[in-house]
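# Architecture and fold: a report
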Amino acid sequence: MVSASERFSSTESALRDTPSAFSEYPVTVLLVDDQSVVGESVRQMLEDDDKIDFHYCHDPARAVPMAEAIAPTVILQDLVMPQIDGLELLRLFRANPNTCEIPLIMLSARDEPEIKAAAFAIGANDYLIKLPDRIELVARIRYHSRAYNNLQARSDAVIAQTYAQQLEQTLQQLQTTQAQLIQTEKLSGLGQMVAGVAHEINNPINFVVGNLKYVTGYVQELIELVQIYQEDYPEHTPRVQNHLDAMDLEFLVEDLPKTLNSMAVGTDRLNDIVLALRNFSRLDQAETQTADVHAGIDSTLLLLNHRIKKQGVEIIKQYGDLPQIECYPAQLNQVFMNILSNAIDALAEVMETQKQHITIASQLKKSRWVEISIQDNGPGISAENMEKLFDSFFTTKPVGKGTGLGLSIAQQIIERHNGTIEAFSEKEKGTKFVICLPIEQ
Ligand SMILES: Nc1ncnc2c1ncn2[C@@H]1O[C@H](COP(=O)(O)OP(=O)(O)OP(=O)(O)O)[C@@H](O)[C@H]1O
Ligand SMILES: [Mg+2]
């Protein structure tokens, strides 16, 4: 059996001994009461407790700004005050965003249930008849302060979580922007170089093409002249006869035009190459254009030709009948470049052991889409790496060789075209990228 006095003392000690539960929270009390004698009594009740920071406001007109300034964890408020109706002051506390959540205990001499109900209806959290017992007052102050602190902590956690999410988003954006910047830099560097080379070869080609016409005419006239000489002077001097014996005039006359013709074919080819280089390097226009996807792929292959030849990769083209599509041509060429150079890189790993090929196929899909697939018979990609394939900076290549941006940029470009890009791969069998693009944007 526990005696009444023991029970009491155990309650007292429980109140003293619950620091872990309560007093770790800061407790700041604001009392609003026009009677300074009440202010003094409450101060005395709380003054033993050094964990409670007590503030008193005797002028209800200053109560809200004071609460804003000291940010109490609980407000004690008188109900009947001459200057202002207590319920009105309560409304003011609740209407202010800085004080609306602070627990408010009504401290009143009035005990009518209707008044209590009105106070609760407006937003009071508790109601005590003054002057309350010290123990009860402290218990309630702590109880409400703790609830308020928990509420704050929860909303702080929510805010912290929101910040963390925002931070993560910003970080991701930053990474994408960084990737784009690096790639744009690479792209415009490559584009400018290609444009520069195209320009430089273009001038000498023009000399050759322009003069070849005249050379052909001159040669024709010289051959005619020789023929006239031969007709008019069939008897040759020994010097002319010696020279004629030493050379094969008949063969020369027959072969010279053919030689000139093949030179013309060569310069035409050079012209095509310059055109392809220019096509590739069309440093991007802000507007979309209609362009031939196959021309884009071909000009990209041309740029990669030395690697394709050196490695001995066979390119198998299975081009379908495609209309021109609305696109940013240089950007699409960049996609083809990124995918094809990955395929060539991958094939380099198997070049010792097998015949390497890249199959490029295209077809019209549902009359509004074109599908382009680029497939290699390289080593393939593991399931684990497939998941990270399009991530910025994901690379399996040694430092200095790969930045891990090729496919993430390709994906961004395809998305900008409202298209899709997918990868399929089987270990040891090879990898296939399938791009779908709308014909019209
Ligand atoms: N055809 C392919 N066959 C095998 N692996 C591939 C193929 N294409 C891409 N990969 C893998 O995907 C990774 C990422 O490719 P991505 O083009 O994004 O970057 P990268 O080629 O490593 O570097 P970067 O293109 O920036 O120079 C590559 O490192 C490679 O491991
Ligand atoms: Mg790459």
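Cut-offs used in this document
- Residues numbered from 1 in each chain as written.
- Chains lettered and ligands numbered in written order.
- Predicted model: local features only at pLDDT ≥ 70, side-chain atom pairs only at ≥ 80, totals over all residues.
- Heavy atoms only, no water.
- Domains from an automatic or database assignment.
- Salt bridge = Lys/Arg side-chain N within 4 Å of Asp/Glu carboxyl O.
- Helix = DSSP H or I, 4+ residues; strand = E, 2+ residues; numbered from the N terminus.
- Buried < 20%, exposed > 50% of the residue type's maximum accessible area, 1.4 Å probe, protein only.
- Pairing = 2+ DSSP bridges.
- Contact = heavy atoms within 4.5 Å.
- Near = heavy atom within 4 Å.
- Polar contact = N/O pair within 3.5 Å; in protein donor to acceptor, adjacent residues only side chain to side chain.
- Nonpolar A, V, L, I, M, F, W, Y, C, P; charged D, E, K, R; others polar.
- Phe/Tyr/Trp six-rings, centres within 6.5 Å; stacked < 30°, edge-to-face > 60°.
- Lys NZ or Arg CZ within 6 Å of the ring centre and 35° of its normal.
- Core = buried A, V, L, I, M, F, W, Y, C linked by side-chain atoms within 4.5 Å.
- Expected span 1.5 Å × (residues − 1).
- Axes fitted to C-alpha atoms, helices over the stretch in contact; angles between N-to-C directions.

## Some words on the domain arrangement of the chain
Here the domain parsing of the chain yields domain 1 (18-132) and domain 2 (287-441). When each unit is reduced to the centre of its C-alpha atoms, the spacing between domain 1 and domain 2 is 71 Å.

## Here we look at the pattern of salt bridges
Any two side chains of opposite charge can pair, so long as their charged atoms come close to each other. Per the stated rule, a full pass over the model turns up 17 salt bridges. Put simply, Lys130 and Asp78 hold a salt bridge, and the shortest N to O gap is 3.0 Å. Residue Lys130 is found in the loop between strand S5 (126-129) and helix H7 (134-232), and its partner Asp78 is found in strand S3 (residues 74-78); the two are separated by 52 residues along the sequence. An identical accessibility class is assigned to Lys130 and Asp78; each is buried.

## Thoughts on the pairing of strand S12 (residues 430-438)
Within S12, eight of the nine residues are buried, which leaves it mostly tucked inside the rest of the structure. With eight bridges joining them, strand S10 (residues 369-376) and S12 adopt antiparallel strand pairing. When the bridges of S12 are listed, Gln375 appears paired with Lys432. Where strand S11 (residues 420-426) meets S12, seven bridges bridge the pair, whose relative direction is antiparallel. Bridge pairing in S12 links Ile421 to Ile435.

## Describing the environment of Val274
In this fold, Val274 is placed in helix H9 (residues 249-281). Sequence-wise, Val274 and Ser299 are 25 residues apart; in three dimensions their C-alpha atoms are separated by 9.7 Å. Residues within four places of Val274 in sequence aside, it is in contact with Ala198, Ile201, Asn202 and Ile205.

## Topic: the site of ligand 1
The immediate surroundings of ligand 1 are formed by 21 residues, with Asn342, Thr395, Thr396, Lys397 and Thr403 found nearest. In the environment of ligand 1, an oxygen atom lies 2.6 Å from a nitrogen or oxygen atom belonging to the side chain of Lys397. Backbone polar atom of Leu405 to an oxygen atom of ligand 1: 2.9 Å apart, as the coordinates give it. Contributing elements (two or more residues each) for the shell around ligand 1: helix H11 (329-348), helix H13 (406-416) and S12. It is H11 that contributes the most residues to the shell around ligand 1, three residues altogether. In terms of residue class, the shell around ligand 1 is built from eight nonpolar, nine polar and four charged.

## Some thoughts on the packing of aromatic side chains
Following the criterion strictly, the structure yields three aromatic pairs and no others. Of note, Lys213 hangs over the ring of Tyr214, and the distance from its end group to the ring centre comes to 5.9 Å.

## Details of the pairing of strand S9 (residues 357-365)
Summarising the sheet, strand S7 (residues 314-318) and S9 pair through five bridges and their orientation is parallel. Residue Gln318 lies in a different strand from S9, and its bridge partner there is Ala361. Relative to S10, S9 runs antiparallel, the two sharing eight bridges. The residue bridging Lys365 from the neighbouring strand is Trp369, located in S10.

## Some points on the nonpolar core
If you look at the biggest cluster of nonpolar residues, it comprises 48 residues, and the most contacted ones within it are Phe336 and Ile358. The element that contributes the greatest number of residues to this core is H11, accounting for nine residues. For Ile358, the residues in contact, after removing those within four places along its chain, are Val313, Glu314, Ile315, Ile316, Leu340, Ala343, Ile344, Leu347, Ile374, Gln375 and Asp376. Ranked by size, the runner-up nonpolar core spans 24 residues in total, among them Cys57, Leu90, Ile115 and Tyr127.

## Let's talk about H11
Taking 1.5 Å as the rise per residue, H11 with 20 residues should run 28 Å; its terminal C-alpha atoms sit 28 Å apart, in good agreement. Most of H11 is tucked away: 18 of the 20 residues are buried.

## Structural notes on the environment of Ser299
Turning to its location among the elements, Ser299 is positioned in helix H10 (residues 293-311). A polar atom in the side chain of Ser299 sits 3.0 Å from the backbone oxygen of Gly296.

## Comments concerning the sheet that holds S5
Taken together, five strands build an open sheet; the order of strands is S2-S1-S3-S4-S5 and the sheet is parallel. Pairing within the sheet leaves two strands with one partner each, and these edge strands are strand S2 (52-57) and S5. When strand polarity is set aside, the average angle formed by the axes of neighbouring strands in this sheet is 20 degrees. Two elements, strand S1 (residues 27-32) and S2, share six bridges in a ladder whose sense is parallel. Each bridged residue has a counterpart across the sheet, and for Leu31 the counterpart in S2 is Tyr56. Against the sheet, helix H3 (residues 36-47) engages S1, S2 and S3, with an angle of about 175 degrees to S2. Along the sheet, helix H6 (residues 113-122) contacts strand S4 (104-108) and S5; its crossing angle with S5, the most-contacted strand, is approximately 145 degrees.

## Focus on the sheet that holds S7
Taken together, five strands build an open sheet; the order of strands is S7-S9-S10-S12-S11 and the sheet is mixed. The open sheet has two free edges, formed respectively by S7 and S11, since each of these has just one partner strand. The mean angle between the axes of side-by-side strands here comes to 15 degrees, regardless of whether they run parallel or antiparallel. Its contacts with the sheet place H10 against S7, S9 and S10, and it is angled at close to 170 degrees to S7.

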